[in-house]
Amino acid sequence: MTLLNEESMWENLKSQFILNFVKDHRYRLLLSGLLETLKITFFAVIIGVVIGIIVAAVVSSYSQNKERMKRRGGFSFHLLRFLNGICNIYLAVIRGTPTVVQLMIGYFIIWASSNNELFVASMVFGINSGAYVAEIFRSGIGSVDKGQFEAGRSIGFNYFQTMRYIIIPQAFKNVLPTLGNEAITLLKETSVAGYVGIMDLTKAGDLIRSRTYSAFLPLIAVAATYLVLVLILTFLQHKLERSLKKNER
Amino acid sequence: MSADKKQKNENKVKMPDGVLISVRNLKKYYLGGEVKALDGIDMDIKSGEVVVIIGPSGSGKSTFLRSLNLLELPTSGTILFDGADITDPKININKHRQRMQMVFQHFDLFENMTVLKNMTVAPMNLMKVSKDDAEKKALALLKRVGLDDRADSYPSQLSGGQKQRVAIVRALCMDPTVMLFDEPTSALDPEMVGEVLDVMKGLAKEGMTMAVVTHEMGFAREVADRVVFMADGKIVEQGTPADIFEKPQSERLKTFLAKVL
């Protein structure tokens, strides 16, 4: 009796597998979805890091120099104060609204005329991630001992030289684990891209489900793929951290 | 924008004979004047002079020292350094800081660099010294303080006393005109205080202009040309070590000395 049940279960699973992944080359949907997810994540991470560095540089240099620059006055102080204001609005808006809403605004309003879905998705997720990366860099700069900064300034370096030679190398090492986590979060966050019809990994799995009327295998396959990607990223992250540590201790 | 051009535009101020640093009515207020860290300090430091500043904690002595290279922005008052008013907001303070090196209580070696790199990064980038020359000089200075075998170590691999000796020679790599010491031995284990003080005594003997904030009364007595006693943001009393330690005038100084000696 049990033998028969087990056998029929295997048969059932096999036919489900064929139905969901093999028939009509449905596995290709998953593969192209995976590729789309990887592309969006890749470009979004780059855009996010670039925005994050710029925003963190503006916000940190304003908060550290405003007293002195105000004393000196002039155009550069007003420019920096203006940029700092813009950055703070950006941080507040991005962190204060849901990613899906930002995605829809990007897709249906800002870049409504664009039909390059990869571009729009990368921009939206990149701009979103930039706000979090900026906070990571900012706290990284704050995590470096104040004495390092004073030593750099008192030896004669200006603010930017002190940042470049002393603070940023140390800050970068401090934030690397958090930065890796942000990349992992971003990879998973891109799964909402299907909301505006972008055919990423999640959307591909969902499409198969809607065609075959069987949810189990496609969704488990999607989940397993994300899991493997995250495990690979985590492995790389730890490897990088170890090699950086070896360099300096 | 060239720094040279700016330098030319700076008004040269005439200094009294032999005076390197001239401080007038220096004030540093916090909380809109509620806390007066410095309350009107006047001081002249002559070239080659060793001035040791003592006083109870909270007396403003560290704030005063850190004002001399503008790590602390004074609320008012002027500081003239070798013919330039460095409290002028338009001045390029970085140029002047190069010649006015500081040694900190917590050493503050650059953690991301080896000892050698700590000593060469500023001369190479600020004074355009070649790598070879900068390293040669750094190694010679390290040898002088007995640390030439630690050139490739990172700060985290050194003891406190070693770190402070490196911090001193790192400052010397910039050929400073004056050295500021902010409690250089306060964070050290007792058995390491001597090795750092020895290096400082050597410097004083060679004629380096020094301003030292310290609790080491023995050092003050032995090395100082002038001892300045500060309390509540003011200079209460100053004079030769003999005057200060043997014939204190004010009650504040007498109480202080009774506690520390």
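In this numbering scheme, every chain counts its residues from 1 along its sequence in written order. Both sets of labels track the order of writing: A upward for chains, 1 upward for ligands. In keeping with the model being predicted, local features are shown solely for residues with a pLDDT of at least 70 and side-chain atom pairs are shown and tallied solely at 80 or more, while totals for entire chains, interfaces and linings include all residues. As a rule here, side-chain values come from all non-hydrogen atoms in the structure, and water together with hydrogens is ignored.

Attention now goes to the overall build of chain B. What chain B contains, in helices and strands, is ten helices and ten strands. Here the radius of gyration uses the C-alpha set of atoms, whereas the globule reference equals 2.2 Å times the residue count to the power 0.38. For 261 residues, the compact-globule estimate of 2.2 N^0.38 gives 18 Å, and chain B sits close to it at 19 Å. Principal axes of the C-alpha set define a box for chain B whose edges measure 55 × 50 × 35 Å. For each residue, the accessible area found with a 1.4 Å probe, counting protein chains only, is set against the maximum for its type, and the residue is called buried under 20%, exposed over 50%, and partly exposed in between. Counting across all 261 residues of chain B, residues that qualify as buried make up 56%. Computed with a 1.4 Å probe, the accessible areas rest on the Shrake-Rupley method; for each residue, only the protein chains presented here act as cover. Accessible area for chain B stands at about 11,400 Å²; split by element, carbon and sulfur atoms hold 48% of it. Charge counting follows a simple rule: Lys and Arg are positive, Asp and Glu are negative, and His as well as the terminal groups are ignored. In this description, the location of a charge corresponds to atom NZ of lysine, CZ of arginine, CG of aspartate or CD of glutamate. If you average the places of the 36 positive and of the 36 negative side-chain charges in chain B, the two averages end up 4 Å apart. Put simply, DSSP H or I for four residues or longer makes a helix, DSSP E for two residues or longer makes a strand, and each gets a number counted from the N terminus.

To continue, consider the overall build of chain A. Secondary structure assignment for chain A yields nine helices and zero strands. Going from N to C terminus, chain A has its helices and strands arranged as α-α-α-α-α-α-α-α-α. Relative to the 2.2 N^0.38 estimate, which gives 18 Å for 249 residues, the radius of gyration of chain A is 24 Å and therefore markedly larger than a compact globule would have. Here the C-alpha coordinates of chain A stretch approximately 85 × 50 × 25 Å along the principal axes. Looking at chain A as a whole, 42% of its 249 residues qualify as buried. A fraction of 75% describes how many contacts in chain A between residues 6 or more apart in sequence connect residues 24 or more apart. Here chain A displays about 14,000 Å² of accessible surface, and carbon together with sulfur accounts for 67% of that area. Throughout, a contact is declared for two residues whenever any of their heavy atoms are within 4.5 Å.

Residue and element names in this part refer to chain B. With burial as the criterion, each face of strand 6 (residues 100-103) is covered, one bearing Met 100 and Met 102 and the other bearing Gln 101 and Val 103. Criterion used throughout: strands pair if DSSP finds at least two bridges between them. Bridge count between strand 6 and strand 7 (residues 178-182): four bridges; the pairing is parallel. Across the sheet, Met 100 pairs through a bridge with Val 178, a residue of strand 7.

In this section: the packing of aromatic side chains. Residues and elements named next belong to chain A. Stacked, edge-to-face and tilted labels apply to pairs of Phe, Tyr and Trp rings (six-membered ring for Trp) whose centres lie within 6.5 Å, assigned for plane angles under 30 degrees, over 60, and everything in between, in that order. Here the structure, examined in full by the defined rule, presents seven aromatic pairs over all chains. For the pair Tyr 107 and Phe 108, a centre-to-centre distance of 5.1 Å together with 90° between the ring planes defines the contact as edge-to-face. Take Phe 108: its relative accessible area is 51%, and that puts it in the exposed class. Both rings, one in Phe 149 and one in Tyr 159, keep their centres 5.8 Å apart while their planes meet at 65°; by these two values the pair is edge-to-face. With Phe 149 in helix 6 (residues 146-155) and Tyr 159 in helix 7 (residues 159-189), this residue pair connects regions lying ten residues apart in the sequence.

Residue and element names in this part refer to chain B. Strands sit in the order 2-1-4-5 across an open sheet of four strands; the sheet is antiparallel. Either end of the sheet is taken by a strand with one partner, and the two such strands are strand 2 (35-46) and strand 5 (84-85). Relative to strand 5, strand 4 (residues 76-81) runs antiparallel, the two being bridged by two bridges. Each residue of the ladder has a partner; that of Phe 81, found in strand 5, is Ala 84. Packed onto the sheet, helix 2 (residues 61-68) meets strand 1 (19-30), strand 2 and strand 4 and runs at close to 125° relative to strand 1. Throughout, an axis means a line fitted to C-alpha atoms (over the contacting stretch in the case of helices), and angles, computed between N-to-C directions, take values from 0 to 180 degrees.

Opposite the 24 residues of chain A that make contact, chain B presents 32 residues. Once two parts are brought into contact, the accessible area they lose, counted with a 1.4 Å probe and summed over both, makes up the buried area. When the buried surface of chain A facing chain B is broken down by residue, Arg71(A), Arg72(A) and Ile155(A) rank first, second and third, together holding 26% of it. One side-chain nitrogen of Lys or Arg within 4 Å of one carboxyl oxygen of Asp or Glu is enough to make a salt bridge. In this structure, the connection of chain A to chain B is made through one salt bridge. Its salt-bridge partner being Glu150(A), residue Arg66(B) comes within 2.7 Å of it at the nearest N-O pair. We call two N or O atoms a polar contact when they sit within 3.5 Å, provided that within protein one can donate a hydrogen and the other can accept it, with sequence-adjacent residues counted only if both atoms are side-chain atoms. There are eight residue pairs in polar contact (both at pLDDT 80 or more) connecting chain A and chain B. Mapped onto the side of chain A that touches chain B, the elements with two or more residues apiece are helix 2 (26-72), helix 6, helix 7 and helix 9 (216-248) of chain A. When residues in the side of chain A that touches chain B are grouped by element, the largest group, eight residues, is from helix 6 of chain A. Looking at the side of chain A that touches chain B, its residues break down into six nonpolar, nine polar and nine charged. Put simply, Ala, Val, Leu, Ile, Met, Phe, Trp, Tyr, Cys and Pro go in the nonpolar bin, Asp, Glu, Lys and Arg in the charged bin, and everything else, Gly too, in the polar bin.

Now for a nonpolar patch on the surface. Residue and element names in this part refer to chain A. A residue counts toward a patch only above 30% relative accessible area and without a salt bridge, and it is joined to like-charged neighbours within 9 Å or, for Val, Leu, Ile, Met, Phe, Trp and Tyr, to nonpolar neighbours within 5 Å. Taken together, the side chains of Phe 42, Phe 43, Ile 46, Val 50 and Ile 54 define a hydrophobic patch exposed on the protein surface, amounting to about 470 Å² of accessible area. As for its placement among the helices and strands, Ile 46 is situated in helix 2. A residue is classified by how much of its surface remains accessible, and Ile 46, at 42% relative accessible area, is partly exposed.

All names here are of chain B. You can read pLDDT as the predictor saying how much it trusts each residue, on a scale of 0 to 100. For chain B, per-residue confidence averages 92 on the pLDDT scale, and residues scoring 70 or more make up 96% of the total. Throughout residues 1-8 the model reports pLDDT below 50, and contacts reaching past four residues in sequence, or to other chains, amount to six contacts. Scored as a complex, the prediction yields pTM 0.83 and ipTM 0.90.

The predicted coordinates should not be examined in detail at positions where pLDDT is low. Taken as a whole, chain A shows an average pLDDT of 91; of its residues, 97% reach a score of 70 or greater. Least confident of the elements in chain A is helix 1 (residues 2-22) of chain A, whose mean pLDDT is 79; most confident is helix 6 of chain A, at 96.

Attention shifts here to the sheet that holds strand 9 (residues 226-231) of chain B. All names here are of chain B. Strand order in the open sheet formed by six strands is 6-7-8-3-9-10, and the pairing between neighbours is mixed. Of all the strands in the sheet, the pair left with one neighbour each is strand 6 and strand 10 (234-239). Neighbour-to-neighbour, the strand axes of the sheet open up by a mean angle of 20°, direction not taken into account. Examined bridge by bridge, strand 9 and strand 10 share five bridges and lie antiparallel to one another. Opposite Phe 229, over in strand 10, you have Glu 237 as the bridge partner.

Further remarks concern the environment of Leu116(B). Residue position: Leu116(B) is located in helix 4 (residues 115-126). Residue classification places Leu116(B) among the buried positions, given a relative accessible area of 11%.

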